[in-house]
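Structure assessment
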Amino acid sequence: EVQLLESGGGLVQPGGSLRLSCAASGFRFSSYAMTWVRQAPGKGLEWVSAISATGGDTPYADSVKGRFTISRDNSRNTLYLQMNSLRAEDMAVYYCAKGGIRFLDYWGQGTLVTVSS
Amino acid sequence: QSALTQPASVSGSPGQSISISCTGTSSDVGGYNFVSWYQQHPGKAPKLMIYEVNNRPSGVSNRFSGSKSGNTASLTISGLRAEDEADYYCSSYRSTNTGVFGGGTKLTVL
């Protein structure tokens, strides 16, 4: 059974940093691209970033480019999202999902990031 | 990066069929057969319902189907059931090698 478990969310001040993790199990993690998607409270889904199976391709949404960094550790079956210079508009539930840009076949339950002073 | 355009809401009675449209451009929906659809119930994670325009993952009811014409994709749900009431999002690959979602459609089963 595929499982994706996000962690690392919490309260952070504007301008601060946070690193999200997503622990994967139930599939060969190193063979699949992975993606981060976020959802602001009461709003729709927003594609954030993806990473290829080897980590060599890492596209970003314009809204986070230069501030967020996606990475993965295939030896630990873990996906990461380093978020710097956080803004109020980054407040959202962050989901990790199995798959790349084409489609996302499994999703975690999400971790909430709150940006507030 | 503009989102794909979906109607804010649609509704239908049990047993009826409804369709949800998803309009993009030739740089996303119209240019690639990488349109997917997701169902999200309140407080839950999204679930993949259709991928690559018209393919259903294992376990998804055949009451759900997808299609595309030009820059517009559609999700059709036939034989509406109460449990289909949810938010639905389309997504597409974009020529900038990024992904994009639609704004979401709230389906109400009357």
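Report follows, based on the coordinates. Note that the structure is a prediction, hence the values are computed from the model and not measured. (Residues numbered from 1 in each chain as written. Chains lettered and ligands numbered in written order. Predicted model: local features only at pLDDT ≥ 70, side-chain atom pairs only at ≥ 80, totals over all residues. Heavy atoms only, no water.)

All names here are of chain B. Tracing the sequence through the fold places Thr 105 in strand S9 (residues 105-109). For Thr 105, the side chain forms a polar contact with the side chain of Gln 6, separated by 3.0 Å. A polar contact is formed between the side chain of Thr 105 and the backbone oxygen of Pro 7, at a distance of 2.5 Å. With residues up to four places along the chain from it excluded, the contact list for Thr 105 reads Gln 6, Pro 7, Ala 8, Ser 9, Val 10, Ile 20, Ala 86, Asp 87 and Tyr 88. (Helix = DSSP H or I, 4+ residues; strand = E, 2+ residues; numbered from the N terminus. Polar contact = N/O pair within 3.5 Å; in protein donor to acceptor, adjacent residues only side chain to side chain. Contact = heavy atoms within 4.5 Å.)

Between chain A and chain B, the contact holds 21 residues from the first and 20 residues from the second. Between chain A and chain B the total buried area reaches about 1,700 Å² when both faces are included, carbon and sulfur atoms providing 62% of it. For chain A, the biggest contributors to the area lost against chain B are Leu45(A), Ile101(A) and Arg102(A); these three give 35% of the whole. One can count zero salt bridges joining chain A with chain B. On the surface where chain A and chain B come into contact, there are five residue pairs in polar contact (both at pLDDT 80 or more). Where the side of chain A that touches chain B is concerned, the elements lending two or more residues are strand S4 (34-39) and strand S5 (45-51) of chain A. (Buried area = accessible area lost by both parts, 1.4 Å probe. Salt bridge = Lys/Arg side-chain N within 4 Å of Asp/Glu carboxyl O.)

It is worth spelling out the pairing of strand S6 (residues 68-73) of chain A at this point. Residue and element names in this part refer to chain A. Of the two faces of S6, the one holding Phe 68, Ile 70 and Arg 72 is buried and the one holding Thr 69, Ser 71 and Asp 73 is not buried anywhere. Sheet topology note: the S6/strand S7 (residues 78-83) ladder contains six bridges and is antiparallel. Bridge pairing in S7 links Ile 70 to Leu 81. What sits between the antiparallel neighbours S6 and S7 is a turn of four residues, in which Asn 77 has the positive phi angle 50°. (Buried < 20%, exposed > 50% of the residue type's maximum accessible area, 1.4 Å probe, protein only. Pairing = 2+ DSSP bridges.)

A word on the pairing of strand S5 (residues 64-69) of chain B. All names here are of chain B. Bridge count for S5 against strand S6 (residues 72-77) is six bridges, and the pairing is antiparallel. Following the sheet pairing, Gly 66 is matched in S6 by Leu 75. The turn joining S5 and S6, which pair antiparallel and follow one another in sequence, is formed by two residues; a positive phi near 60° is taken by Gly 70.

This part takes up the nonpolar core. Counting residues in hydrophobic clusters, the biggest one holds 43 residues, and the most contacted among them are Trp36(A), Leu79(A), Leu81(A), Met83(A), Tyr94(A), Trp107(A) and Phe101(B). Those elements that place two or more of their residues in this core are strand S3 (18-25), S4, S5, S6, S7, strand S8 (92-98) and strand S10 (111-115) of chain A together with strand S7 (86-94) of chain B. Excluding residues within four positions of it along the chain, Tyr94(A) makes contact with Glu6(A), Leu20(A), Trp36(A), Val37(A), Arg38(A), Phe68(A), Leu81(A), Met83(A), Gly110(A), Thr111(A) and Val113(A). Grouped together as the second largest cluster of nonpolar side chains are 23 residues, Cys22(B), Met49(B), Val100(B) and Leu107(B) included. (Core = buried A, V, L, I, M, F, W, Y, C linked by side-chain atoms within 4.5 Å.)

To continue, consider the sheet that holds S6(A). Residue and element names in this part refer to chain A. Taken in spatial order, the four strands line up as S1-S3-S7-S6 in an open sheet, and their pairing is antiparallel. Two strands lie at the open edges of the sheet, namely strand S1 (3-7) and S6, each paired on one side alone. On average, each strand axis in the sheet is tilted by 15° relative to the strand beside it, whichever way the strands run. Inspection of the sheet shows S3 paired to S7 by six bridges, in the antiparallel sense. Residue pairing across strands places Leu 20 opposite Leu 81, the latter belonging to S7. (Axes fitted to C-alpha atoms, helices over the stretch in contact; angles between N-to-C directions.)

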